[in-house]
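Fold and geometry: a report
The primary structure of each chain is shown beneath.
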Amino acid sequence: MLDINVIRQFPEEIIAMLHKRQLSAEEPKLLELLELDKKRKGLVQRSDDQKALRNKVSKEIAEIKKSGQGSGDELILEMKMVSEDISTMDSMLGGLEVEMENILLGLPNKLHPSVPVGRNAEDNQVFKEKVSFEHDLNFTVKNHLDLGRSLGILDFERGAKVCGAGFPVYIGKGARLERALINFMLDFHAEQNGYTEVFPPFMVNQESLRGTGQWPKFADQVYHINEDDLYAIPTAEVPVTNLHRGEMLDNKALPISYAAYSACFRREAGSYGKDTRGFLRVHQFNKVEMVKFTRPEESYDALEQIREHAESILVALKIPYRVLLLCSGDISANAAKCYDIEVWSPAEEKYLEASSCSNFEDYQARRANIRFKPDSKSKPEFVHTLNGSGLATSRLMVSLLEHYQTPEGNIMVPEVLRHYTRFDEITQAAG
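Residues numbered from 1 in each chain as written. Predicted model: local features only at pLDDT ≥ 70, side-chain atom pairs only at ≥ 80, totals over all residues. Heavy atoms only, no water.

1. A look at the overall build of the protein
Looking only at helices and strands, the protein features 13 helices and 16 strands. Dimensions along the principal axes, computed over C-alpha positions, put the protein at roughly 105 × 45 × 45 Å. Taken across its 431 residues, the protein has 50% of its residues classed as buried. The long-range fraction of contacts in the protein, counting pairs at least 24 apart against all pairs at least 6 apart in sequence, stands at 74%. Within the protein, one finds 53 positive and 65 negative side-chain charges whose respective centroids are separated by 2 Å. (Helix = DSSP H or I, 4+ residues; strand = E, 2+ residues; numbered from the N terminus. Buried < 20%, exposed > 50% of the residue type's maximum accessible area, 1.4 Å probe, protein only. Contact = heavy atoms within 4.5 Å. Lys, Arg positive; Asp, Glu negative; His and termini not counted. Charge placed at Lys NZ, Arg CZ, Asp CG, Glu CD.)

In structure tokens form, the structure reads like this:
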């Protein structure tokens, strides 16, 4: 959530940011917010004046009664009317503040100056060109769907029978490969990159979604359980960030770095008509998430660190990838700056997003009220929060299966995963 003080002081900059994000239609809401803020300021002043008057006259009434020079009934009646006026104004203030908060919750984050200006994904900049690894694919490669079916390790059809399209089922060595991938990434981030592992709940309340920015703007993307008023998490970012909601963090403990596995659930509303084959677009997938809480002056160094940590997984797996710097028209509403890491699919002949690494600055911390004190004499400040997929397994699995296939249609297991799988190859006899 943006700081209302910043909006008051620099409205032109916020309007310019909306235009860079291709959200010029949001400008009237910002102007409405500023008008509401003026009304609020006027009401606060009137209410304060009336309260000061009431306090002053109340003392006069007490003096009159004490001196025995009268009852002060006229003044008491007058103050009764003043109190009613104050009550009315306080009620109006409450309504104005709700309106203002609703607008603030819908406004996107400010952009870092290094974010390139662009209209859509076509304007994203290549931050790092394709990082290649040698894979002998001098034959007609199969896509991940054909490989999964022929080896009996993936079953999208039975997943659809159980709960609908977009819910994959891993079978036999496919399930073990997926589990190995998750365990490898968790261990790598904990042992090599210094993260503390967290195993979070897969359900959260609305306040948690609000804290990380998924509510109310992206309410149509989450699965809701009406009876318990709980939501299936779209990413581990939500429960992990909210671990410290409403807390004052110890400055000496910063930065705090967490790595968490979770299943992720997304309705993907509005995605109809896009490529939905296999893992390319699913409603449930697995992901290891990296989350950091930092001092403001350290957050952009932390963003580069998270990006490098995500890349280190692909380097270890020897999966070809590239890194994009997202432009103003494609970056998420919550992020101030974001990198996407894309893996190469030789069968699809295109890049597939496997990770997003974002700095939210104080946007989430302000919503979730996560603060720290630089020292004992300083006022509390909001921390900066960051996250990065480290990584999402679905599209990573596409690239892994396709790059590690053999001419016979088998799958060689990446060397770093063999400690976890306890097998080197998936063949037609998999089970």
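Picking up after the structure, the text goes on.
2. Quick look at a negative patch on the surface
On the surface, Glu122, Asp123, Asp330 and Glu353 cluster together into a patch of negative charge. Secondary-structure assignment places Glu353 in strand β11 (residues 350-359). (Patch = residues over 30% accessible without salt bridge, like charges linked within 9 Å, V, L, I, M, F, W, Y side chains within 5 Å. Areas by Shrake-Rupley, 256 points an atom, 1.4 Å probe, with all protein chains shown as cover. Salt bridge = Lys/Arg side-chain N within 4 Å of Asp/Glu carboxyl O.)

3. Observations regarding helix α5 (residues 144-151)
By the burial criterion, the buried members of α5 are His144, Leu145, Leu147, Gly148 and Leu151. Each buried residue of α5 sits inside an arc of 165° when the element is viewed along its axis, so together they form one side. Those residues of α5 that are buried are in contact with α6 (156-163), α12 (393-403), β15 (411-412) and β16 (425-426). Among the residues of α5, the N-terminal cap falls to Asn143, whose side-chain oxygen and the backbone nitrogen of Leu145 are separated by 3.0 Å. Gly152 sits one or two residues past α5 and shows a positive phi near 70°. (Arc of directions from axis to C-beta. Polar contact = N/O pair within 3.5 Å; in protein donor to acceptor, adjacent residues only side chain to side chain.)

4. Notes on the sheet that holds strand β7 (residues 256-265)
Strand pairing within a sheet occurs via backbone hydrogen bonds; the two strands may be parallel or antiparallel. If you walk across this open sheet you meet the eight strands as β1-β9-β10-β11-β14-β8-β7-β2, and the pairing is mixed. Of all the strands in the sheet, the pair left with one neighbour each is β1 (125-131) and β2 (196-198). Sheet twist, expressed as the mean angle between neighbouring strand axes with direction ignored, is 25°. As paired elements, strand β10 (residues 337-345) and β11 share nine bridges and run antiparallel to each other. The partner of Ser345 across the bridge, within β11, is Lys350. Together, β1, β8 (284-294), β9 (321-325), β10, β11 and β14 (384-392) form the strand contacts of helix α10 (residues 299-317), whose direction differs from that of β14 by roughly 5°. Packing against the sheet, α12 makes contact with β8, β10, β11 and β14, and its axis sits at approximately 30° to β10. (Pairing = 2+ DSSP bridges. Axes fitted to C-alpha atoms, helices over the stretch in contact; angles between N-to-C directions.)

5. Structural notes on the packing of helix α3 (residues 27-67) against helix α4 (residues 73-106)
Here α3 crosses α4 at 155°, and the two axes come no closer than 8 Å. When the axis of α3 is compared with that of α4, the two are roughly antiparallel. Between α3 and α4 lies a crossing whose hand is left-handed. Here the contact of α3 with α4 is composed, by residue class, of 20 nonpolar, three polar and 14 charged. (Parallel < 35°, antiparallel > 145°, perpendicular 65-115°, else oblique. Left-handed = near helix turned anticlockwise from the far one by under 90°. Nonpolar A, V, L, I, M, F, W, Y, C, P; charged D, E, K, R; others polar.)

6. Side note on the pattern of salt bridges
Tallied over the entire structure, the rule returns 22 salt bridges. Arg149 is the partner of Asp146 in a salt bridge, and the nearest nitrogen-oxygen pair spans 3.6 Å. Residue Asp146 and its partner Arg149 are both found in helix α5; the two are separated by three residues, about one turn of the helix. Of the charged contacts in the structure, one is a salt bridge between Glu342 and Arg322, with a shortest N-O distance of 2.8 Å. One end of the pair, Glu342, is in strand β10; the other, Arg322, is in strand β9, and 20 residues separate them in sequence. On the basis of relative accessible area, Glu342 is assigned to the buried category, the value being 11%. For Arg322, a relative accessible area of 22% corresponds to the partly exposed category. Connected through shared salt-bridge partners, Asp3, Lys110, Glu361, Asp362 and Arg366 make up one network.

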